[in-house]
Amino acid sequence: MHILIAALIALQGHPGHAPDSAGASRPMTIIQSLPETEDFYRGPTAELARNGVPGRYGSEEWSAVVLTHEVHQHIGIYTLLGAKMAVRAREILDAPMRAVSVKSLTGTKQPLACMIDGLQVGLGSTLGQNLIEAPAVDQPAVAAEFSYQDRAVTLRLKPEYEKRIAGHIQDAIAEHGNLTPAYFKKVEEISYTVWAEFDRKIIFEETATDR
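Residues numbered from 1 in each chain as written. Predicted model: local features only at pLDDT ≥ 70, side-chain atom pairs only at ≥ 80, totals over all residues. Heavy atoms only, no water.

Enquirer: Looking at this structure, how should I read the side chain of Ser104?
Expert: Mapped onto the elements, Ser104 comes out in strand 1 (residues 101-104). Looking at Ser104, its side chain comes within polar contact range of the side chain of Thr106, at 2.8 Å. Those residues within four positions of Ser104 in sequence are excluded, and the remaining contacts are Met115, Ile116, Leu119, Glu133, Ala134, Pro135, Ala143 and Ala144. (Helix = DSSP H or I, 4+ residues; strand = E, 2+ residues; numbered from the N terminus. Polar contact = N/O pair within 3.5 Å; in protein donor to acceptor, adjacent residues only side chain to side chain. Contact = heavy atoms within 4.5 Å.)

Enquirer: Got a minute to help me understand the layout of surface pockets in this structure?
Expert: Any space left empty among the atoms is revealed by the rolling of a water-sized probe across them. In this model, the second largest pocket occupies a volume close to 390 Å³. Lining the second largest pocket are 15 residues; nearest its centre among them are Tyr78, Pro111, Tyr183, Phe184 and Val187. Of all the elements in the fold, those that place two or more residues in the lining of the second largest pocket are helix 5 (77-93), helix 7 (159-176) and helix 8 (181-197). In terms of residue count, the dominant contributor to the lining of the second largest pocket is helix 8 (3 residues). Class assignment for the residues of the lining of the second largest pocket results in 10 nonpolar, 5 polar and no charged. (1 Å grid on protein atoms, 1.4 Å probe; cavity = no way out; pocket = protein on both sides within 12 Å on 5 of 7 lines; lining within 4 Å. Points joined across faces, edges and corners; volume = space filled by probe spheres on them. Nonpolar A, V, L, I, M, F, W, Y, C, P; charged D, E, K, R; others polar.)

Enquirer: Help me understand helix 5 in this model?
Expert: Residue pairs spaced three or four apart in an α-helix point in one direction, given the helix's 3.6 residues per turn. Taking 1.5 Å as the rise per residue, helix 5 with 17 residues should run 24 Å; its terminal C-alpha atoms sit 24 Å apart, in good agreement. For helix 5, a buried count of 16 out of 17 residues is recorded, marking the element as mostly surrounded by other parts of the structure. In the segment just after helix 5, Asp94 is the residue with positive phi, at about 50°. (Expected span 1.5 Å × (residues − 1). Buried < 20%, exposed > 50% of the residue type's maximum accessible area, 1.4 Å probe, protein only.)

Enquirer: Honestly, the nonpolar core in this entry has me stumped. Any pointers?
Expert: Grouped burial of nonpolar side chains is what soluble globular proteins tend to show. Judged by nonpolar contacts, the single largest core of 59 residues is most densely connected at Ile77, Tyr78, Leu81, Met85, Leu119, Phe146 and Trp195. Looking at this core, the element that brings in the most residues is helix 5, giving 11 residues. The contact partners of Met85, leaving out residues within four places of it in the chain, are Met115, Leu119, Val142, Ala143, Ala144, Phe146, Leu155 and Phe204. (Core = buried A, V, L, I, M, F, W, Y, C linked by side-chain atoms within 4.5 Å.)

Enquirer: Explain the sheet that holds strand 2 (residues 132-133) to me, please; I cannot follow it from the model alone.
Expert: Hydrogen bonds along the backbone pair up the strands of a sheet, which may run parallel or antiparallel. With mixed pairing, the 5 strands of this open sheet are ordered in space as 2-1-3-4-5. The open sheet has two edge strands, strand 2 and strand 5 (204-210), and neither has a second partner. As defined by bridge partners, strand 3 (residues 143-148) adjoins strand 4 (residues 151-157) across 6 bridges and the pair is classed as antiparallel. Directly across from Ala144, in strand 4, lies its bridge partner Leu155. Against the sheet, helix 5 makes contact with strand 3, strand 4 and strand 5, and its axis sits at roughly 150° relative to strand 4, the strand it touches most. (Pairing = 2+ DSSP bridges. Axes fitted to C-alpha atoms, helices over the stretch in contact; angles between N-to-C directions.)

Enquirer: Just checking my understanding: could you explain the packing of helix 7 against helix 8 for this structure?
Expert: For any two helices packed against each other, the geometry comes down to the angle between their axes and how far apart the axes lie. Running from amino to carboxyl end, helix 7 crosses helix 8 at an angle of 155°, the nearest separation of the two axes being 9 Å. If you check the angle between helix 7 and helix 8, you find them roughly antiparallel. Judged by the sense of rotation from one axis to the other, the crossing of helix 7 with helix 8 is right-handed. Contact with helix 7, carried on its side by Arg164, His168, Ile169, Ala172, Ile173 and His176, involves Ala182, Tyr183, Lys186, Val187, Ile190 and Glu197 of helix 8 and no other residues of that element. Of the residues assigned to the contact of helix 7 with helix 8, the class counts are 7 nonpolar, 2 polar and 3 charged. (Parallel < 35°, antiparallel > 145°, perpendicular 65-115°, else oblique. Left-handed = near helix turned anticlockwise from the far one by under 90°.)

Enquirer: Is there a simple way to think about the confidence of the model for the chain in this case?
Expert: Interpreting fine coordinate detail is not advised for predicted regions of low pLDDT. On average, residues of the chain score 87 in pLDDT, and 88% of them are at 70 or above. Here residues 1-24 scores under 50 on pLDDT; set against residues more than four positions off or in separate chains, the count is 46 contacts. (pLDDT = per-residue confidence, 0-100.)

Enquirer: When you look at the packing of aromatic side chains in this model, what are you seeing that I'm missing?
Expert: By convention here, two paired aromatic rings are described through the distance between centres and the angle between planes. Per the counting criterion, the structure on display carries 6 aromatic pairs. With a centroid separation of 5.0 Å and an interplanar angle of 80°, the aromatic rings of Phe40 and Tyr41 are classed as edge-to-face. Ring geometry for Tyr41 and Trp62: centres 5.4 Å apart, planes at 90°, overall edge-to-face. In this pair, Tyr41 is assigned in the loop between helix 1 (2-12) and helix 2 (43-50) and Trp62 in helix 4 (residues 59-72), connecting sequence segments 21 residues apart. Across the pair, Trp62 and Tyr41 agree in class, each one buried. Put simply, the rings of Phe40, Tyr41, Trp62, Tyr192 and Trp195 pair up and form one aromatic cluster. The aromatic ring of Tyr57 is capped on one face by Lys84, whose charged end is 4.2 Å from the ring centroid. (Phe/Tyr/Trp six-rings, centres within 6.5 Å; stacked < 30°, edge-to-face > 60°. Lys NZ or Arg CZ within 6 Å of the ring centre and 35° of its normal.)

Written out as structure tokens, the structure reads:
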């Protein structure tokens, strides 16, 4: 736990901390890296490590997702998608940490707004740095607009993946009732499936434009 707390502090950086070079893997300020072995993690996360998920999607995504959920204090579908989206945006823009401006299109209401935590942690683009905004929107979406220097990209979850998630949620409600303890337990199980099966390079519609 001490290692994770140190890593969370490192996300905030300080004035003398230069961002990593564009396109590099996630830099760590206090620790060298987050472990990717099962003995470091609890329950289903340990199972994902044992089954090779860190290697499947890379150390940067693994670190982003782990740290996001330590901040969020809950394993959730939309926090996961936010972290995966952030890592993908940085790849596309070839941008360093703490440099990408983000406009979340989720709106400000849960559960979609939980994605904002993943965006902040995954990019190091925080509210405190004025690098992220989350305005109220008429049609909330699992989407965000990213910009860095003269490039911009909008990422939006593809409809087929939205339908998969919606189907899982409806099944959970039908089986356990809405917003019951059993329902939330089932949603957590679904979240681990999203973590393991949703490839960030496939699940998003990517619309890139020059600024």
